[in-house]
Amino acid sequence: MPAGRNYIPIALQLALLSGAAGLAHQIVWTRRLVDVLGANADTFSKVIGAFFVGLALGAWLASRSKTSAANFWQRVALAELAVALLAVPALFSAHLSDWVYQTTTPTALLKLLLPLLLITPAATAMGLVVPWLIRALSANENFTSKQTVWLYGINTLGGVLGNGGVLLFALPTWGLFGARLAAIGLNLL
């Protein structure tokens, strides 16, 4: 990272877009898995649980990183790319409902494993992003610990905007597949 350059505005934009993409993914995963597993509280709790397990795992993994701050900008980019790539299998999960109900494997086990397999890997990559942004910014002499709170706040605001964008625009306009592509596009952006 070149000395003297203020990367805080860039990090805030990244946090906003990452939060928007993250909760957009969570909404479309929930909608898709309701189609596959049924519309009940159990499905919603499994989707949300798999999402938060992934976020926590990603944050834990990010805390284990010991390389230079300059390397963390590359890691943020790779984490967002990983989210986009790991979200692709959920694009094609619509046809799993027939398989789930016709298989000889106990349905309860499949209903537990499916959200973990489809959601947790991408959510783990999501959990890496903000901690690595903070680590990248920590080398900047303009960065203070108070700005860490703002970074998480902006990320949360992005999540609210992502939910609103998916529910009010993307789903009605483009449908479930298009909304998922839009969330993947935000990660790639």
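For the structure itself, look to the data block above.
Procedures and definitions
Residues numbered from 1 in each chain as written. Predicted model: local features only at pLDDT ≥ 70, side-chain atom pairs only at ≥ 80, totals over all residues. Heavy atoms only, no water. Helix = DSSP H or I, 4+ residues; strand = E, 2+ residues; numbered from the N terminus. Rg over C-alpha atoms; globule rule 2.2 N^0.38 Å. Buried < 20%, exposed > 50% of the residue type's maximum accessible area, 1.4 Å probe, protein only. Contact = heavy atoms within 4.5 Å. Areas by Shrake-Rupley, 256 points an atom, 1.4 Å probe, with all protein chains shown as cover. Lys, Arg positive; Asp, Glu negative; His and termini not counted. Charge placed at Lys NZ, Arg CZ, Asp CG, Glu CD. Axes fitted to C-alpha atoms, helices over the stretch in contact; angles between N-to-C directions. Left-handed = near helix turned anticlockwise from the far one by under 90°. Nonpolar A, V, L, I, M, F, W, Y, C, P; charged D, E, K, R; others polar. Phe/Tyr/Trp six-rings, centres within 6.5 Å; stacked < 30°, edge-to-face > 60°. Lys NZ or Arg CZ within 6 Å of the ring centre and 35° of its normal. Expected span 1.5 Å × (residues − 1). Bend = angle between axes of the 7 residues up to and from the residue. Salt bridge = Lys/Arg side-chain N within 4 Å of Asp/Glu carboxyl O.

Engineer: I would appreciate a short explanation of the overall build of the chain in the present structure.
Structural biologist: In terms of helices and strands, the chain carries seven helices and zero strands. When its helices and strands are written in sequence order, the chain yields α-α-α-α-α-α-α. For a compact globule of 189 residues, the expected C-alpha radius of gyration is about 16 Å, and the chain comes in at 18 Å, within 12% of that figure. Summarising its shape, the C-alpha atoms of the chain cover approximately 60 × 35 × 25 Å along the three principal directions. A total of 189 residues make up the chain; the buried ones form 45% of that total. Contacts in the chain between residues at least 24 apart in sequence constitute 83% of all its contacts with a sequence separation of at least 6. Surface exposure of the chain reaches about 9500 Å², of which carbon and sulfur atoms provide 70%. Each charge class in the chain was averaged separately, 11 positive and 5 negative side chains, and the resulting centres sit 8 Å apart.

Engineer: Would you mind going over the packing of helix α1 (residues 8-37) against helix α2 (residues 41-63) with me for this structure?
Structural biologist: A pair of packed helices is captured by two measures, namely the crossing angle of their axes and the spacing between those axes. Viewed as axis vectors pointing N to C, α1 and α2 meet at an angle of 145°, and their least axial separation amounts to 9 Å. For α1 against α2, the interelement crossing comes out right-handed. Contacts between α1 and α2 involve G22, L23, Q26, W29, T30, L33, V34 and L37 from the first element and T43, F44, V47, I48 and F51 from the second. The residue makeup of the contact of α1 with α2, split by class, is nine nonpolar, four polar and no charged.

Engineer: What is the right way to read the packing of aromatic side chains from this model?
Structural biologist: To describe a pair of aromatic rings, you give the distance between the ring centres and the angle between the ring planes. The final tally for this structure, using the stated rule, is five aromatic pairs. Judged by centre distance (5.0 Å) and plane angle (85°), the ring pair of F169 and W174 falls under edge-to-face. Among the aromatic side chains, those forming a connected cluster through ring pairs are W29, F51 and F52. The ring of F72 has R75 sitting right over it, with the charged end atom 5.1 Å from the ring centre. One residue, R75, lies across the ring of W132, its end atom 5.3 Å from the ring centre.

Engineer: Mind showing me how you'd approach helix α6 (residues 107-137) here?
Structural biologist: For an α-helix, the turn length of 3.6 residues means that residues three or four places apart are oriented alike. The end-to-end C-alpha distance of α6, which contains 31 residues, comes to 46 Å, matching closely the 45 Å that a straight helix rising 1.5 Å per residue would cover. Approximately 40° is the largest bend angle found in α6, and it occurs at T120, with the proline P121 only one to four residues beyond. Burial of α6 is extensive: 22 of the 31 residues sit out of reach of the surface.

Engineer: When you look at the pattern of salt bridges in this model, what are you seeing that I'm missing?
Structural biologist: Between side chains of opposite charge, a pair can form when the charged atoms approach closely. Going through the model one piece at a time under the given rule, you end up with two salt bridges. For R32, the salt bridge goes to D35, with nearest N and O atoms at 2.8 Å. Of this pair, R32 and D35 both sit in helix α1, three residues apart, roughly one helical turn. By relative accessible area, which is 11% here, R32 ends up buried. The class of D35 is partly exposed, set by a relative accessible area of 46%. In this structure, K46 and D42 form a salt bridge, with 2.7 Å as the shortest nitrogen-oxygen distance.

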